[in-house]
Amino acid sequence: MAEDFKLDSHKLIYHPCEVARWLRGEEIYPIEIEISPSGACNHRCIFCAVDYLGYEPVFLDTQMMIQNVKHMKKQGLKSVICSGEGEPLLNRNMPQMAVEMKNMGIDVAMASNGVLLSKEITRECLKSFTWVRFSVAAAHEETYSKIHRGQKGDLQKALNNIAYAVEWKKRNHLTTTLGVQCLLIRENRNEIIDMAQMLKEIGVDYFTVKPYSQHRQSTNHMEVDYKELLDLGKDISRYESEDFRIYYRSNAMKKMKVDKAYDNCYGLPFMTHIDSKGNVWPCINFIGNEKFLYGNLYEQTFEEIWKGEQRQRVISMFEEFDINGICREACRLDEINKYLYQLKNPGEHINFI
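Residues numbered from 1 in each chain as written. Predicted model: local features only at pLDDT ≥ 70, side-chain atom pairs only at ≥ 80, totals over all residues. Heavy atoms only, no water.

**Student:** Looking at this structure, how should I read the overall build of the protein chain?
**Tutor:** For the protein chain, the helix and strand inventory stands at 13 helices and ten strands. Taken over the C-alpha trace, the protein chain has a radius of gyration of 20 Å; the compact-globule value for 353 residues is 20 Å, and the two agree within 12%. Counting only C-alpha atoms and orienting by the principal axes, one finds that the protein chain spans roughly 50 × 45 × 40 Å. Residues classed as buried in the protein chain amount to 54% of the 353 residues present. Summarising the internal contacts of the protein chain: among those between residues at least 6 apart in sequence, 75% fall at separations of at least 24. Counting every atom, the protein chain has about 16,900 Å² of accessible surface; 48% of that belongs to carbon and sulfur. Looking at the protein chain, you have 45 positive and 49 negative side-chain charges, and the mean spots of the two groups are 3 Å apart. (Helix = DSSP H or I, 4+ residues; strand = E, 2+ residues; numbered from the N terminus. Rg over C-alpha atoms; globule rule 2.2 N^0.38 Å. Buried < 20%, exposed > 50% of the residue type's maximum accessible area, 1.4 Å probe, protein only. Contact = heavy atoms within 4.5 Å. Areas by Shrake-Rupley, 256 points an atom, 1.4 Å probe, with all protein chains shown as cover. Lys, Arg positive; Asp, Glu negative; His and termini not counted. Charge placed at Lys NZ, Arg CZ, Asp CG, Glu CD.)

**Student:** I would appreciate a short explanation of the packing of aromatic side chains in the present structure.
**Tutor:** Think of a pair of aromatic rings as described by two things: how far the centres are apart, and how the planes are tilted against each other in angle. One pass over the full model with this rule turns up twelve aromatic pairs. Here the aromatic residues Trp-22, Tyr-266, Phe-270 and Tyr-341 are joined through ring pairs into a cluster of three or more. Sitting above the plane of the Tyr-55 ring, Arg-44 keeps its charged end 3.9 Å from the centroid. Across the ring face of Trp-22, the terminal group of Lys-344 is positioned such that the distance to the ring centre comes to 5.4 Å. (Phe/Tyr/Trp six-rings, centres within 6.5 Å; stacked < 30°, edge-to-face > 60°. Lys NZ or Arg CZ within 6 Å of the ring centre and 35° of its normal.)

**Student:** I'm lost on the sheet that holds strand β1 (residues 32-35) in this one. Help?
**Tutor:** The pairing of strands in a sheet happens through backbone hydrogen bonds and is either parallel or antiparallel. One open sheet accounts for ten strands, arranged β7-β6-β5-β4-β3-β2-β1-β8-β9-β10; its pairing is mixed. Every interior strand has two partners, whereas the edge strands, β7 (245-248) and β10 (295-296), have only one. When strand β5 (residues 177-184) meets strand β6 (residues 206-211), the two strands line up parallel, connected through six bridges. If you follow Leu-183 over to β6, its bridge partner there is Lys-210. Contacts between helix α7 (residues 192-202) and the sheet are confined to β5, β6 and β7, with β6 contributing the most and set at about 155° to the helix. (Pairing = 2+ DSSP bridges. Axes fitted to C-alpha atoms, helices over the stretch in contact; angles between N-to-C directions.)

**Student:** I tried to follow helix α11 (residues 309-318) on my own but got confused; where do I start?
**Tutor:** Within an α-helix, residues lying three or four positions from one another point in the same direction, as the helix has 3.6 residues per turn. Of all the residues in α11, the buried ones are Arg-311, Val-314, Met-317 and Phe-318. Considered in projection along α11, the buried side chains sweep an arc of 115° and stay on one side of the axis. Against α10 (302-307) and α12 (323-326) lie the buried residues of α11. (Arc of directions from axis to C-beta.)

**Student:** Looking at this model, I keep getting lost on unusual backbone geometry. Mind explaining?
**Tutor:** Unlike most non-glycine residues, Lys-257 shows phi in positive territory, near 65°. Structurally, Lys-257 can be placed in the loop between α9 (250-255) and β8 (271-274). For Ala-330, which is not glycine, the phi dihedral falls at a positive 50°. Mapped onto the secondary structure, Ala-330 falls in the loop between α12 and α13 (334-344). You can call Ala-330 partly exposed: its relative accessible area is 25%.

**Student:** Just to check I follow, could you spell out α7 for this structure?
**Tutor:** Where α7 is concerned, the buried positions are Ile-192, Met-195, Ala-196, Met-198, Leu-199 and Ile-202. Buried residues along α7 sit in contact with α6 (154-171), β5, β6, α8 (232-237) and β7. Directly after α7, the chain includes Gly-203, whose backbone phi takes a positive value near 105°.

**Student:** It is not clear to me how the pairing of strand β2 (residues 79-82) should be interpreted in this structure. Could you clarify?
**Tutor:** Within a regular strand, side chains alternate between the sheet's two faces. Side-chain alternation along β2 places Ser-79 and Ile-81 on one buried face and Val-80 and Cys-82 on a second face that is also buried. By the bridge criterion, four bridges tie β1 to β2 in an arrangement that is parallel. The partner of Glu-32 across the bridge, within β2, is Ser-79. In this fold, β1 hands off to helix α2 (residues 62-74), which returns the chain to β2; that crossover is right-handed. At this point the chain moves from β2, through helix α3 (residues 94-103), to the parallel strand β3 (residues 107-112), and the crossover so formed is right-handed. (Right-handed = clockwise from strand over helix to strand, strands pointing away.)

**Student:** Can you walk me through the layout of surface pockets in this structure?
**Tutor:** Any space left empty among the atoms is revealed by the rolling of a water-sized probe across them. For the second largest pocket, the calculated volume is near 440 Å³. Looking at the lining of the second largest pocket element by element, the count peaks at five residues for α11. Within the lining of the second largest pocket, the residues separate by chemical class into nine nonpolar, four polar and five charged. (1 Å grid on protein atoms, 1.4 Å probe; cavity = no way out; pocket = protein on both sides within 12 Å on 5 of 7 lines; lining within 4 Å. Points joined across faces, edges and corners; volume = space filled by probe spheres on them. Nonpolar A, V, L, I, M, F, W, Y, C, P; charged D, E, K, R; others polar.)

**Student:** Which parts of the structure should I look at to understand the environment of Ile-35?
**Tutor:** The topology assignment puts Ile-35 in strand β1. Using a relative accessible area of 0% as the deciding quantity, one classes Ile-35 as buried. Linking Ile-35 and Val-280, residues 245 residues apart in sequence, is a C-alpha distance of 9.2 Å.

**Student:** I keep staring at the side chain of Asn-296 and nothing clicks. Help me out?
**Tutor:** Positionally, Asn-296 belongs in strand β10. The exposure class assigned to Asn-296 is buried, which follows from its relative accessible area of 11%.

**Student:** Which parts of the structure should I look at to understand the environment of Glu-319?
**Tutor:** Turning to its location among the elements, Glu-319 is positioned in the loop between α11 and α12. Exposure remark for Glu-319: the relative accessible area of 59% places this residue in the exposed category.

**Student:** Is there a simple way to think about the pattern of salt bridges in this case?
**Tutor:** Any two side chains of opposite charge can pair, so long as their charged atoms come close to each other. With the rule as written, the count across this model stands at 20 salt bridges. In this structure, Lys-234 engages Asp-231 in a salt bridge whose closest nitrogen and oxygen atoms are separated by 3.7 Å. Relative accessible area serves as the criterion here: at 61%, Lys-234 is assigned to the exposed category. Taken together, the salt bridges that share partners define one network made up of Lys-255, Asp-334, Glu-335 and Lys-338. (Salt bridge = Lys/Arg side-chain N within 4 Å of Asp/Glu carboxyl O.)

Here's what the structure looks like:
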């Protein structure tokens, strides 16, 4: 069976030294950062969380980012996810950025709709990625066009590019994990089984289906009753095999409309988000909300921002907020926050292991 990537859990348990330092109240630098190489996107997905930013054609400067990552590595940075506001591959320097960061010893990953992943780009930089996750929201062109709102023929382009990446990986014995993610909404619920079958034939390593979570600032709004869709996971599980894993994220679906079991976002020191303008934020949920801005990498180094008073003020603000009122449901830090909350608030019988 393909490796369990813990998409419905977390991997902070594999960094006990950093967690121990956090428990002691020491300064923690991010283990992981998410960056937005591009503010622009070639799609206008109906579920897009950051539509309110306007898809500006702004691109993260490669050398500025490389220099900061080099210094951040010395402070404990281990991974960079290229994703964020727009389509990473609209930044022409994305392949170079991936190669240079990988050469530093950083694990690099990318989330992409796959339409722009040409054969040339695949050959240039696929080996530099630990994983690439493609966002594909339908199995058929008509539905795909209604959801992704790109150019005619984009679905086939994406599938052809994914298939070539699979072929290139196998031909060159690469270790890059190739997966496809689908955001489950009413418009595509009847195509999930077709997607599972199609992606297994293409040969990707996994297929994950996750729930839609409303971004507080997004103008896109959807209502989906995931209680009605939990059994769909059983229907597609039959397509799993030794080398094709399916993650139907029913646990995340069950979290919708449920209050969080912690009172603060404890995971913020372990990761952060850098947008296409070089702004540093707690996470993608707060991009564009100036009161949550840590600082800007064109004006300060990452270390200056991380140790600065402005970031400390933002972190202090979180202690005053109702976490259920400002954060998204089932966010990426949810499982990490549960774990850290338990460490901060152990029970009375913890020595009876």
